[in-house]
Amino acid sequence: MSEPNLRAVGAEASGDASPLRAAARAADASKVYGEGETAVRALDDVTVEFAAARFSAVMGPSGSGKSTLMHCLAGLDQLSSGHAYVGDADLTAMSEKQLTLLRRDRIGFVFQAFNLVPTLNSRENVTLPLDIAGRKPDEEWLRTIVDTLGIEHRMDHRPSELSGGEQQRIAAARALVGRPEIIFADEPTGNLDSKSGRELLGFMRSAVSDLQQTIVMVTHDPNAAAYADRVVFLADGHVVDSMDDPTAERIIDSMKSLGD
C-alpha cells in the first residue's frame, strides 16, 4: 500500500493547531495501587506534556507506568494525586458524566484489543461514536480513511467475518472518523502482522503530518515508535528520558540502558 496523502481532504479540518500547544499533559501526577506494604506506585510525581499536532510514543520496561500514564491522561483511570489535562480541561476536577462526554467528544482510542461490537457491521462500528453523539460522519473523510486503510470491501461485514488485521483497521478508522483532539493508542500493532502494522502506522503518521491530528501511542516496539516525532521513556513510574526524531536503532540503545 502506498503512503497515504490526506492533505487535500484535511486542509479545512486542520485548524490553527500549534505544535507548541499541549494537547495533553500531566502535572505532579502520581498513581498508587493498594495500601501499606503492598502498595505499588505506578506513577511517581510525573510531569510531562504531549504537543498538539505531533505523534508521540511512550516506551519503557514492563511495569514502568507507561500504560497507567496513558489511561490517566485519557480519563480511563484516576490519579491518586496531581493533575491530568486534555487541552485546558482538568480531568481530576471532572465528574464521571463529564469524563464520559470528554472521552466521547474529544478523544479517540485504538487498543490492542479491537473492542468492536460483534452485532454491528464495519461501517456501523466505525461511525458508532458519532451515532452516540448524534453527529453525522463527514462522508468524504470517511471514504478517505476507509480507502487508505484498504477496508472498503469489508464495510458490510461483522467482526467475526474479519481477520485480526482488518478488525484493527476498523478500530483505527473509528478513532479517526470524528477528528478528535487527541488519539490514544495502546499497542495498536500488537495483534497485527508486520505488513498490516506498517500500513496502520503509515496512516497514523500521515494523519499527524497532513491533518495535524495528535496521537499518543504506548508501544514496546522500537520500529513502531520510530514513526513518532518524539519518544518519552518511563522507568519505575518516572519520566527518565525523551528523544526527538527517533530511529529504531537509537530507541533500542535507550531501552537497553533502562534494562529492557
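Everything below is about the structure shown above.
Just so it is clear, the structure is predicted and the values come from calculations on it, not from any experiment.

Draft legend 1. Quick look at the packing of helix 4 (residues 122-133) against helix 6 (residues 164-177). Where helix 4 meets helix 6, the axes come as close as 8 Å, and the angle between the chain directions of the two elements is 30 degrees. Judged by the inter-axis angle, helix 4 sits roughly parallel to helix 6. Considering the relative orientation of helix 4 and helix 6, their crossing is right-handed. Between helix 4, through Ser122, Asn125, Val126, Pro129 and Leu130, and helix 6, the contact on the second element is made entirely by Ile170, Ala173, Arg174 and Val177. When grouped by side-chain class, the residues that make up the contact of helix 4 with helix 6 number six nonpolar, two polar and one charged.

Draft legend 2. Examining the layout of surface pockets more closely. Roughly 440 Å³ of volume is contained in the largest pocket. The wall of the largest pocket is formed by 22 residues, among which Arg103, Ile107, Phe109, Pro129 and Arg174 lie closest to the centre. Mapped onto the lining of the largest pocket, the elements with two or more residues apiece are helix 3 (96-106), strand 6 (107-111), helix 4 and helix 6. A per-class count over the lining of the largest pocket returns 12 nonpolar, four polar and six charged.

Draft legend 3. Structural context of empty space enclosed by the protein. Following the criterion strictly, the structure yields one cavity of 30 Å³ or more and no others. Empty space within the largest cavity amounts to approximately 30 Å³. Considering the residues around the largest cavity, the lining is formed by Val110, Ala172, Ala175, Leu176, Ile183, Met204 and Ile215. For the lining of the largest cavity, the element with the most residues is helix 6, which contributes three residues. Within the lining of the largest cavity, the residues separate by chemical class into seven nonpolar, no polar and no charged.

Draft legend 4. View of the sheet that holds strand 9 (residues 230-235). If you walk across this open sheet you meet the six strands as 6-7-8-3-9-10, and the pairing is mixed. Only two strands of the sheet have a single neighbouring strand rather than two, namely strand 6 and strand 10 (238-244). Strand-to-strand twist across the sheet, computed as the mean angle between neighbouring axes with direction ignored, equals 20 degrees. Strand direction decides the pairing type here: strand 7 (residues 182-186) and strand 8 (residues 215-218), joined by four bridges, are parallel. Paired with Asp186 across the two strands is Val218, which belongs to strand 8.

Draft legend 5. How the structure looks around the sheet that holds strand 1 (residues 22-33). If you trace the four strands from one edge of the open sheet to the other, you get 2-1-4-5, paired in antiparallel fashion. The open sheet terminates on both sides in strands that have one partner only, identified here as strand 2 (40-51) and strand 5 (89-90).

Draft legend 6. Quick look at the packing of aromatic side chains. Taken as a whole and assessed by the stated rule, the structure comprises one aromatic pair. On the numbers, 5.5 Å between centres and 10 degrees between planes, the contact of Phe109 with Phe111 is stacked. By relative accessible area, Phe109 is classed as buried at 16%. For Arg25, the ring lying beneath its charged end belongs to Tyr85, and the centroid distance is 3.9 Å.

Draft legend 7. Region of interest: helix 4. Among the residues making up helix 4, those that are buried are Ser122, Asn125, Val126, Thr127 and Leu130. Between the side-chain oxygen of the N-cap and the backbone nitrogen of Arg123 there are 3.2 Å, and the N-cap of helix 4 in question is Asn121. The positive-phi residue at the C-terminal boundary of helix 4 is Gly134, with phi of around 75 degrees.

Draft legend 8. Fine view of the pattern of salt bridges. Summed over all chains, the structure comprises 11 salt bridges. Where Asp44 meets Arg41, a salt bridge forms, and the shortest distance between an N and an O atom there is 3.8 Å. Ionic pairing is found between Glu199 and Arg169, a salt bridge with its closest N-O pair at 3.4 Å. Here Glu199 is found in helix 7 (residues 194-211), whereas its partner Arg169 is found in helix 6, with 30 residues between them in sequence.

Draft legend 9. Just unusual backbone geometry, in detail. Non-glycine residue Ala53 carries a positive phi angle of around 60 degrees. Checked against the element boundaries, Ala53 lands in the loop between strand 2 and strand 3 (55-59).

Draft legend 10. Quick peek at the side chain of Lys66. Mapped onto the elements of the fold, Lys66 is located in helix 2 (residues 66-73). An unpaired buried charge is present at Lys66: no salt bridge exists, and Glu187, the closest side chain of opposite charge, is 5.6 Å distant. Once residues lying within four places of it in the same chain are set aside, the contact partners of Lys66 are Val58, Met59, Gly60, Pro61, Val218, Thr219 and Leu234.

What counts as what
- Residues numbered from 1 in each chain as written.
- Predicted model: local features only at pLDDT ≥ 70, side-chain atom pairs only at ≥ 80, totals over all residues.
- Heavy atoms only, no water.
- Axes fitted to C-alpha atoms, helices over the stretch in contact; angles between N-to-C directions.
- Helix = DSSP H or I, 4+ residues; strand = E, 2+ residues; numbered from the N terminus.
- Parallel < 35°, antiparallel > 145°, perpendicular 65-115°, else oblique.
- Left-handed = near helix turned anticlockwise from the far one by under 90°.
- Contact = heavy atoms within 4.5 Å.
- Nonpolar A, V, L, I, M, F, W, Y, C, P; charged D, E, K, R; others polar.
- 1 Å grid on protein atoms, 1.4 Å probe; cavity = no way out; pocket = protein on both sides within 12 Å on 5 of 7 lines; lining within 4 Å.
- Points joined across faces, edges and corners; volume = space filled by probe spheres on them.
- Pairing = 2+ DSSP bridges.
- Phe/Tyr/Trp six-rings, centres within 6.5 Å; stacked < 30°, edge-to-face > 60°.
- Buried < 20%, exposed > 50% of the residue type's maximum accessible area, 1.4 Å probe, protein only.
- Lys NZ or Arg CZ within 6 Å of the ring centre and 35° of its normal.
- Polar contact = N/O pair within 3.5 Å; in protein donor to acceptor, adjacent residues only side chain to side chain.
- Salt bridge = Lys/Arg side-chain N within 4 Å of Asp/Glu carboxyl O.
- Lys, Arg positive; Asp, Glu negative; His and termini not counted.

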